[in-house]
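Residues per chain, in single letters:
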Amino acid sequence: MFVYPLVRPLLFSLDAEQVHELTIAWLSRYPASGTLLAGATVRDPVRLMGLEFRNRVGLAAGLDKNGECIEAFDRMGFGFIEIGTVTPRPQPGNPRPRMFRLPRERAIINRLGFNNQGVDALVARATRARRRAVLGINIGKNADTPIERAEDDYLFCLNKVYPVADYITINISSPNTAGLRDLQQAGHFDRLLRSLCEAREQLSDRHGKRRPLLIKIAPDMEEAQLLELAQTARARGIDGLIATNTTTSRSGVEHRAEAGEAGGLSGAPLRAAAERVLRGLRGAVGPDFPLIGVGGILSGADALERRNAGADLVQIYTGFIYRGPSLIAECARALRS
Ligand SMILES: Cc1cc2nc3c(=O)[nH]c(=O)nc-3n(C[C@H](O)[C@H](O)[C@H](O)COP(=O)(O)O)c2cc1C
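First, a word on what this report is: a plain description of the structure on this page.

About the cut-offs
Residues numbered from 1 in each chain as written. Predicted model: local features only at pLDDT ≥ 70, side-chain atom pairs only at ≥ 80, totals over all residues. Heavy atoms only, no water. Salt bridge = Lys/Arg side-chain N within 4 Å of Asp/Glu carboxyl O. Helix = DSSP H or I, 4+ residues; strand = E, 2+ residues; numbered from the N terminus. Buried < 20%, exposed > 50% of the residue type's maximum accessible area, 1.4 Å probe, protein only. 1 Å grid on protein atoms, 1.4 Å probe; cavity = no way out; pocket = protein on both sides within 12 Å on 5 of 7 lines; lining within 4 Å. Points joined across faces, edges and corners; volume = space filled by probe spheres on them. Nonpolar A, V, L, I, M, F, W, Y, C, P; charged D, E, K, R; others polar. Pairing = 2+ DSSP bridges. Expected span 1.5 Å × (residues − 1). Arc of directions from axis to C-beta. Contact = heavy atoms within 4.5 Å. Polar contact = N/O pair within 3.5 Å; in protein donor to acceptor, adjacent residues only side chain to side chain.

Here we take up the pattern of salt bridges. With the rule as written, the count across this model stands at 24 salt bridges. Linking Asp144 and Arg89 is a salt bridge whose minimum nitrogen-to-oxygen distance equals 3.1 Å. Linking Asp144 in the loop between strand S7 (134-139) and helix H6 (150-161) with Arg89 in the loop between strand S4 (80-86) and strand S5 (99-102), this pair joins segments that are 55 residues apart in sequence. A salt bridge links Asp120 to Lys160; the nearest nitrogen and oxygen atoms lie 3.0 Å apart. Residue Asp120 is found in helix H5 (residues 119-128), and its partner Lys160 is found in helix H6; the two are separated by 40 residues along the sequence. Judged by its relative accessible area of 48%, Asp120 falls in the partly exposed class. Each of Glu17, Glu21, Arg96 and Arg98 takes part in salt bridges that share partners, so that together they form one network.

This part takes up the layout of surface pockets. As a volume, the largest pocket reaches approximately 640 Å³. In terms of lining, the largest pocket is formed by 28 residues, of which the most central are Tyr4, Val7, Leu11, Val19 and Thr23. Elements supplying a minimum of two residues to the lining of the largest pocket: helix H1 (3-12), helix H2 (16-29), helix H3 (33-38), helix H4 (70-76), S5 and helix H11 (318-323). The element that contributes the greatest number of residues to the lining of the largest pocket is H2, accounting for 8 residues.

We now examine empty space enclosed by the protein. Counted by the stated rule, this structure contains 1 cavity of 30 Å³ or more. Estimates place the volume of the largest cavity at around 440 Å³. Of the residues that constitute the lining of the largest cavity, the class distribution is 12 nonpolar, 18 polar and 2 charged.

Residues Ala107 and Ile109 point to one face of strand S6 (residues 107-110) and Ile108 and Asn110 to the other, with burial holding for every one of them. Pairing analysis gives 4 bridges linking S5 to S6, with the strands arranged antiparallel. Note that in S6 the partner of Leu102 across the bridge is Ala107.

Before going further, it helps to spend a moment on H2. Taking 1.5 Å of rise per residue, the 14 residues of H2 would be expected to cover 20 Å, and the 20 Å separating its terminal C-alpha atoms lies within 8% of that figure. Of all the residues in H2, the buried ones are Ala16, Glu17, Val19, His20, Ile24 and Leu27. Buried residues of H2, seen end-on, are gathered within an arc of 155° and therefore sit on one face of the element. Seen from the buried face of H2, the exposed residues on the opposite side, beyond 90 degrees, are Leu22 and Arg29. The inward-facing, buried residues of H2 contact H1, H3, H4 and S5. For H2, the N-terminal cap is Asp15; the gap from its side-chain oxygen to the backbone nitrogen of Glu17 is 3.2 Å.

So this is what it looks like as structure tokens:
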């Protein structure tokens, strides 16, 4: 538990993506170090979408894109772990460098572009992993699939991950895949949701279990679009929303050289926008529709604020990088009912 503040200066002296790769390699090889790093798991069982979460704190998508460290993150005490974004075929993502730390602002800018080993590799690992945490699998499209064929990629991944996922997230909000966010526009969105929800009904019959489908949305939307999107999602049979992905805004980091880098901004500068979106969604969907809050949660107090804005569960990514695994228990305790 006290190890991370000691090793962080060393980790932060190296290239951000290199550290990421080293950490993933370490945790995948030595999953037991997860227990050592995090301390006791907070018990605060909550039932949502038909799933039993041991606490309300999850790992956000993108940190374990290939499902290599499920056991290590499980041992760290997360209530749920979202792996991916995964695409049908493996792809390298954008040229490096593509991930930048802004430590003073406690932020990250990334334009990784869904670098991943493809859905088959992820499913094989997820099938083998021993875990107690709920497992979400976040799916996307390959960069070279034209946007008008995006649906095929989502359906392909949905079919593959369905048997092993506890829930599935449809990622249409990454800023780093050309045209992806267009899928949030009304016509596209409705069509995509119709076919995904139809496919889910068939999968549900075939596998004898109904898996929740969630949509992950961007923070960079007009209020009216956001509300329409929430209502469509609900009407089509989507089980919950995850708000939000990274932002294309540079508000709060304008003065930094890295602000000129293309990509999505996460961490503390995203907090206010992510919270505003969450609050807006809660107003639009009413009290009972599942919402997961993510974006700029760097302390237990931030997690509680997000819960008060209407989040049933929260996820962390950038906060986990800056604060280390002790943030999991800190947030879970702050949210304990
Ligand atoms: C380096 C990096 C990679 C990410 N990759 C993904 C991804 O593959 N899929 C996804 O849905 N979100 C991805 N995200 C977004 C996070 O899951 C999260 O929504 C966002 O960073 C806001 O939360 P945070 O402020 O706690 O980081 C990524 C974020 C970062 C920083």
